[in-house]
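# Inside the fold
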Amino acid sequence: MSATPQLGQASRLVVKIGSALIVDPDAAAPRAAWLDSVAADIAALRARGIEVIVVSSGAIALARHALRLPPGRLRLEEKQAAAAVGQIRLAQAWSAALSAHGLTAAQLLLTPDDTEDRRRYLNARATLTTLAGLGCLPVINENDTVATAEIRFGDNDRLAARVAGMMQADQLVLLSDVDGLYTADPAKHPDAAHVPLVAQLTEAIEAMAGAPPTGYASGGMRTKLLAARIATGAGCAMAIALGTRPHPLAALLAGGRCTWFLAAPDGRSARKRWIAGSLQPAGTLRVDRGAAGAMANGRSLLPAGVRAVEGDFARGDLVEIISEDGTALARGLCAYGSADSRRIAGHRSETIEALLGWRGRDEMVHRDDLVLLQSE
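Nothing here was measured: the structure is a model prediction, and the numbers come from that model.

This next bit is on the overall build of the chain. Looking only at helices and strands, the chain has 13 helices and 17 strands in total. In terms of C-alpha radius of gyration, the chain reaches 22 Å, essentially the compact-globule figure of 21 Å for 376 residues. Expressed as lengths along the three principal axes of its C-alpha atoms, the size of the chain is roughly 70 × 50 × 40 Å. Evaluated residue by residue, the chain yields a buried proportion of 51% over its 376 residues. Taking the contacts inside the chain whose residues are at least 6 apart along the sequence as the reference set, 73% of them involve residues at least 24 apart. Here the chain displays about 16,800 Å² of accessible surface, and carbon together with sulfur accounts for 50% of that area.

This is how it looks when you write it as structure tokens:
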């Protein structure tokens, strides 16, 4: 059996928190003391050098009482209206909790599509990366106010897993009202056994998931296992841990009981295999010897090393990177469209803003989006 992951081993961590943990159903307000304890945990993790991203539910639940919405299932337009009102309250709650511990909160509203469409993926990742560089704590929620289809239960579980994959996080923690996966629903089966470690998601493991719970929570063990499949497949370990107690991340850091799902051994390379072999390049970047050497040493492709741009492509499209003599060196997702790429090719990154009128990424192809054809 592989070694169990430890929270302190992560360099980048995504934490997902559900409505049932954040919202006090009696007061229809955030659990301020509990949020403060989580913010303290996050500050402690940040002090250890661990980058943290939060995916937080709770907007709709926070607005139901204020809008006098009926109990039970809401119509789509009611959910959208509640999300519009509740998102402000949710952001305020996080901002207050984090600022008390010296952290600056940043709000992002995403949909699962934002982590799948190549152009939107690059935008979202660039924003999150920049926020991290500025020392901010991103708090992400699904953009429910503009949903065009019924808001599906458990989307924030899956959204958190997609964010973890997009940001190449080491670990994802789903804080829940249970301390992990059991062989059966422990509320119905007192003899159900806790499962501390899942090395691989199998049909037997998936059969342990029960029905979604009632109340404010919209997910359930089934959606958490779907999230585990997404996260582990992207090379990210995932934990389901008890979140109802104060300082839940500190408890997990101290070795508290949970269920860890091991990352797939080839998860990190799966996306690069997709880039290398599953797409037709939309254009070509011809690079000089210095850029070729930098890429061979694991560095990104900067505009200064690009000698020619061929083809017509959009930002986020796949391009082939070739040497000056035409040898195929790599493939990658270009951070600029072909027209902008031609304008900045051969120029240093600090001149991008003067050339384009706006400041984009320093890299034309980031190393996370680049695959060497000769050695990978």
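Helices that pack against each other are described as a pair by the angle of their axes relative to one another and the distance between those axes. One way to put it is that helix α2 (residues 32-47) packs onto helix α4 (residues 76-99) with a least axis distance of 8 Å and a crossing angle of 55°. Here α2 is positioned oblique relative to α4, judged by the angle of their axes. Along this stretch, α2 crosses α4, giving a crossing that reads as right-handed. Here L35, D36, V38, A39 and I42 of α2 come into contact with α4, specifically with A93, W94, A97 and L98. Residue classes in the contact of α2 with α4 are distributed as eight nonpolar, no polar and one charged.

All right, on to the sheet that holds strand β14 (residues 306-311) then. As a general point, the strands of a sheet are linked pairwise by backbone hydrogen bonds and lie either parallel or antiparallel. Taken in spatial order, the five strands line up as β14-β13-β15-β16-β17 in an open sheet, and their pairing is mixed. Two strands close off the open sheet at either side, each with one partner strand: β14 and β17 (370-372). With strand direction ignored, the average angle separating the axes of adjacent strands in the sheet is 20°. Where strand β13 (residues 283-287) and β14 come together, five bridges link them in antiparallel fashion. Note that in β14 the partner of R286 across the bridge is A308. In the packing of helix α11 (residues 289-296) onto the sheet, contacts are made with β13, β15 (318-322), β16 (328-333) and β17, and the angle to β13 comes to roughly 105°.

Here the focus is the side chain of T284. Secondary-structure assignment places T284 in strand β13. Judged by relative accessible area, T284 falls into the buried class, the value being 15%. In contact with T284, not counting residues within four places along its chain, are A308, V309, E310, E320 and I322.

Turning our attention to the pairing of β16. Consecutive residues of a regular strand have side chains that alternate between opposite faces of the sheet. Across the six residues that make up β16, a large majority, five, are buried. In this sheet, β16 lies alongside β15 in antiparallel orientation, the contact comprising five bridges. Across the sheet, the residue bridging to I321 is A330, located in β16. Once β15 ends, the chain turns through five residues before running back antiparallel as β16, passing G326 with a positive phi of about 95°. Alignment of β16 against β17, held across three bridges, turns out to be antiparallel. Within β17, the residue paired with A330 across the bridge is L372.

A few words on the pattern of salt bridges. Should their charged atoms come close, side chains of opposite charge can pair. Under the criterion given, the structure shown has 14 salt bridges. In this structure, D362 and R359 form a salt bridge, with 2.3 Å as the shortest nitrogen-oxygen distance. Here D362 falls in the partly exposed class, since its relative accessible area comes to 33%. One network of salt bridges, in which partners are shared, links K16, D157 and K224.

What follows concerns the packing of aromatic side chains. Here a ring pair, both rings aromatic, is described through the centre-centre distance and the interplanar angle of the planes. Within the structure shown, the criterion is met by one aromatic pair. Note on Y336 and W358: the rings are 5.8 Å apart at their centroids and 35° apart in plane angle, and the pair reads as tilted. One end of the pair, Y336, is in the loop between β16 and α12 (338-344); the other, W358, is in the loop between α13 (352-356) and β17, with 22 residues separating them in the sequence.

Counted at 1.5 Å a residue, the expected span for helix α5 (residues 118-133) with its 16 residues is 22 Å, and the 22 Å between its end C-alpha atoms agrees. Buried within α5 we find Y121, L122, A124, R125, A126, L128 and L131. Looking at the residues trailing α5, positive phi occurs at G135, about 80°.

Next up on the list: α11. Listed as buried for α11 are A291, A294 and M295. Taken down its axis, α11 places every buried residue within 100° of arc, on the same side. Structural note: α11 exposes R289, G290 and A296 on the side pointing more than 90 degrees away from its buried face. Contacts from the buried residues of α11 go to β13, β15, β16 and β17. At the N-terminal boundary of α11, the capping side chain belongs to D288, with an oxygen 3.2 Å from the backbone nitrogen of G290. Immediately downstream of α11, the backbone of G298 shows phi near 90°, a positive value.

A few words now on unusual backbone geometry. Although it is not a glycine, R68 adopts a positive phi angle of roughly 55°. One non-glycine residue with positive phi stands out, namely Q168, at about 50°. Tracing the chain through its elements places Q168 in the loop between α6 (155-166) and β7 (171-176). Taking relative accessible area as the criterion, Q168 reaches 28% and is therefore assigned partly exposed.

Reading the values: the criteria
- Residues numbered from 1 in each chain as written.
- Predicted model: local features only at pLDDT ≥ 70, side-chain atom pairs only at ≥ 80, totals over all residues.
- Heavy atoms only, no water.
- Helix = DSSP H or I, 4+ residues; strand = E, 2+ residues; numbered from the N terminus.
- Rg over C-alpha atoms; globule rule 2.2 N^0.38 Å.
- Buried < 20%, exposed > 50% of the residue type's maximum accessible area, 1.4 Å probe, protein only.
- Contact = heavy atoms within 4.5 Å.
- Areas by Shrake-Rupley, 256 points an atom, 1.4 Å probe, with all protein chains shown as cover.
- Axes fitted to C-alpha atoms, helices over the stretch in contact; angles between N-to-C directions.
- Parallel < 35°, antiparallel > 145°, perpendicular 65-115°, else oblique.
- Left-handed = near helix turned anticlockwise from the far one by under 90°.
- Nonpolar A, V, L, I, M, F, W, Y, C, P; charged D, E, K, R; others polar.
- Pairing = 2+ DSSP bridges.
- Salt bridge = Lys/Arg side-chain N within 4 Å of Asp/Glu carboxyl O.
- Phe/Tyr/Trp six-rings, centres within 6.5 Å; stacked < 30°, edge-to-face > 60°.
- Expected span 1.5 Å × (residues − 1).
- Arc of directions from axis to C-beta.
- Polar contact = N/O pair within 3.5 Å; in protein donor to acceptor, adjacent residues only side chain to side chain.

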